[in-house]
Amino acid sequence: ARLIVEAGPGSGKTRVACSRVARLIDDGAAATRIFMISFTQAAVAELRDRIGGFLADPALAGDVQISTLDSIAGGFRSGFGQEEPPVGFEAGISEALALLKAADRGLLGFLSTLEHVLIDEAQDLNGDRGALVQALIGVLPARCGVTLFEDSAQAIYGWQGSAGASLSSTLLSSPDLAFKQLSLEHDHRTRSPELRTLKAELRVLLSSGLPQE
C-alpha cells in the first residue's frame, strides 16, 4: 500500500508506525528491506525499541534500517557517489538528489530491493529534502509500499509561506504513484471532551492555513 497518514498529537502516530513495521515483518517482509526515515537521530533508538515490542521475534528490530534523511543521503553518496564528504548537510542532500536524478544504476539497483519505506514528519520536508523524498519514491518499484506520516497543522515551515505544493499534495496528485490518504482522528491524550473539540477545530484551521495580513 501507499499511504499518507494525517496524525495529530496524541493520536498514536508513533505506535501505529512501529506496529505497522512489525506487522510487515511478521507477514513476511524482510526487516533488512524496510527503510524508516526519522526526523531526528534521537528518535532512532526509541523507534527500534518500540518496533521490537510489537514483534514476535524482537531481535528482528535490529535489522530494520532506521535513519534520518541526512544519514540516508550520506549512505547514498558514500556508496554510489564521490568519496569526498560534502560541506554541510544541505550539500549532502543536494548531492544525493543529484544521484537519484542521474538514475545511478548502482543506487537504483539497491533501491529496487526495498519492500517498504516509512517516512515520519513528512509535513516538514520542503526544498531539496522534499525533492529528495519525492525522487526516492519515484524510483521505487511499484511493489514497494510507502507510508508517510504527517501533521499538516504542525508544519515548521508553513508559516514561511514556502512556495510550491506540499509533498503530500504532490504525491496524491500523481495517479501513477497510487497514494491514498488516511487520518488518525482520535485524541488519546486529551481527557476533556470540550478541550478535545477545541483542539480538533484548531487543527482544521491550522491545516487550512491562516489568513495573511
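Worth saying up front: this structure is predicted, and the values here are computed from it rather than measured.

Visitor: Explain the overall build of the protein here, please?
Guide: A count of helices and strands for the protein gives eight helices and six strands. When the helices and strands of the protein are read in sequence order from the N terminus, they spell out β-α-β-α-β-α-α-α-β-α-β-α-β-α. Burial analysis of the protein (213 residues in total) assigns 37% to the buried set. Nonlocal contacts in the protein, meaning residues at least 24 apart in sequence, comprise 78% of its contacts between residues at least 6 apart. Just so you have it, the protein exposes about 11700 Å², and 54% of that area is on carbon and sulfur atoms.

Visitor: Please explain helix H2 (residues 42-54) as it appears in this structure.
Guide: At 3.6 residues per turn, the α-helix brings residues three or four places apart onto the same side. Along H2, the positions that sit buried rather than exposed are Val44, Leu47, Ile51 and Gly52. Projected down its long axis, H2 shows its buried positions confined to an angular sector of 135°, all on one face. Residues of H2 that are exposed and point more than 90 degrees away from the buried face comprise Ala42, Asp49 and Gly53. Among the structural elements, helix H1 (13-26), strand S2 (34-38) and strand S3 (65-68) are those in contact with the buried residues of H2.

Visitor: Sorry, what's going on with unusual backbone geometry here?
Guide: Trans peptide bonds make up the majority, and among non-glycine residues the majority have a negative phi. Backbone geometry at alanine 103 places phi at a positive 55°, although glycine is not the residue there. A residue is classified by how much of its surface remains accessible, and alanine 103, at 38% relative accessible area, is partly exposed. At alanine 178, a residue that is not glycine, the phi angle is positive and equals roughly 60°. Among the structural elements, alanine 178 can be located in the loop between helix H7 (167-172) and strand S6 (180-184).

Visitor: Help me out: how do you make sense of the pattern of salt bridges in this one?
Guide: Side chains that differ in sign of charge can pair as their charged atoms come close. For the coordinates displayed, the defined rule picks out seven salt bridges. Two residues, aspartate 120 and lysine 13, come together in a salt bridge whose shortest N-O distance is 3.2 Å. With a gap of 107 residues between them, aspartate 120 in the loop between strand S4 (116-119) and helix H6 (127-139) and lysine 13 in helix H1 connect regions that are remote in the sequence. A salt bridge links lysine 13 to glutamate 121, with the shortest nitrogen-to-oxygen separation between them at 3.1 Å. Of this pair, lysine 13 sits in helix H1 while glutamate 121 sits in the loop between S4 and H6, and the two are 108 residues apart along the sequence.

Visitor: Before we go on, may I ask you to explain a nonpolar patch on the surface in this structure?
Guide: A grouping of Leu195, Leu198 and Leu202 is seen on the molecular surface, where their side chains present a nonpolar patch of about 250 Å² in accessible area. The topology assignment puts leucine 202 in helix H8 (residues 193-208). By relative accessible area, which is 42% here, leucine 202 ends up partly exposed.

Visitor: I tried to follow the side chain of lysine 13 on my own but got confused; where do I start?
Guide: A residue is classified by how much of its surface remains accessible, and lysine 13, at 15% relative accessible area, is buried. Setting aside its immediate chain neighbours within four residues, lysine 13 contacts Ala7, Asp120, Glu121, Phe149 and Leu184.

Visitor: Explain the side chain of aspartate 124 to me, please; I cannot follow it from the model alone.
Guide: Take aspartate 124: it is sitting in the loop between S4 and H6. One buried charged residue, aspartate 124, forms no salt bridge at all, with the nearest opposite charge on lysine 13 at 8.3 Å. At 3.2 Å, the side chain of aspartate 124 and the side chain of glutamine 123 are in polar contact.

Visitor: Would you mind showing me how to read the packing of H1 against H2 here?
Guide: Two quantities define a packed helix pair, namely the angle between the helix axes and the distance between the axes. The interhelical angle for the contact between H1 and H2, taken along N-to-C directions, is 55°, at an axis separation of 8 Å. Here H1 lies oblique to H2, going by the angle between them. The two elements H1 and H2 cross, and the hand of that crossing is right-handed. The residues of H2 that touch H1, namely those facing Thr14, Arg15, Cys18, Ser19, Val21, Ala22 and Asp26, are Leu47, Arg50, Ile51 and Phe54. Considered class by class, the residues forming the contact of H1 with H2 number six nonpolar, two polar and three charged.

Visitor: Looking at this structure, how should I read the pairing of strand S5 (residues 145-150)?
Guide: Within a regular strand, side chains alternate between the sheet's two faces. The buried fraction of S5 amounts to six of the six residues, a majority that puts the element mostly inside the structure. Alternating positions in S5 separate into two faces, Gly145, Thr147 and Phe149 on one and Val146, Leu148 and Glu150 on the other, with burial throughout. Direction of pairing for S4 relative to S5: parallel, over a ladder of four bridges. The partner of leucine 118 across the bridge, within S5, is threonine 147.

Criteria and cut-off values
Residues numbered from 1 in each chain as written. Predicted model: local features only at pLDDT ≥ 70, side-chain atom pairs only at ≥ 80, totals over all residues. Heavy atoms only, no water. Helix = DSSP H or I, 4+ residues; strand = E, 2+ residues; numbered from the N terminus. Buried < 20%, exposed > 50% of the residue type's maximum accessible area, 1.4 Å probe, protein only. Contact = heavy atoms within 4.5 Å. Areas by Shrake-Rupley, 256 points an atom, 1.4 Å probe, with all protein chains shown as cover. Arc of directions from axis to C-beta. Salt bridge = Lys/Arg side-chain N within 4 Å of Asp/Glu carboxyl O. Patch = residues over 30% accessible without salt bridge, like charges linked within 9 Å, V, L, I, M, F, W, Y side chains within 5 Å. Lys, Arg positive; Asp, Glu negative; His and termini not counted. Polar contact = N/O pair within 3.5 Å; in protein donor to acceptor, adjacent residues only side chain to side chain. Axes fitted to C-alpha atoms, helices over the stretch in contact; angles between N-to-C directions. Parallel < 35°, antiparallel > 145°, perpendicular 65-115°, else oblique. Left-handed = near helix turned anticlockwise from the far one by under 90°. Nonpolar A, V, L, I, M, F, W, Y, C, P; charged D, E, K, R; others polar. Pairing = 2+ DSSP bridges.

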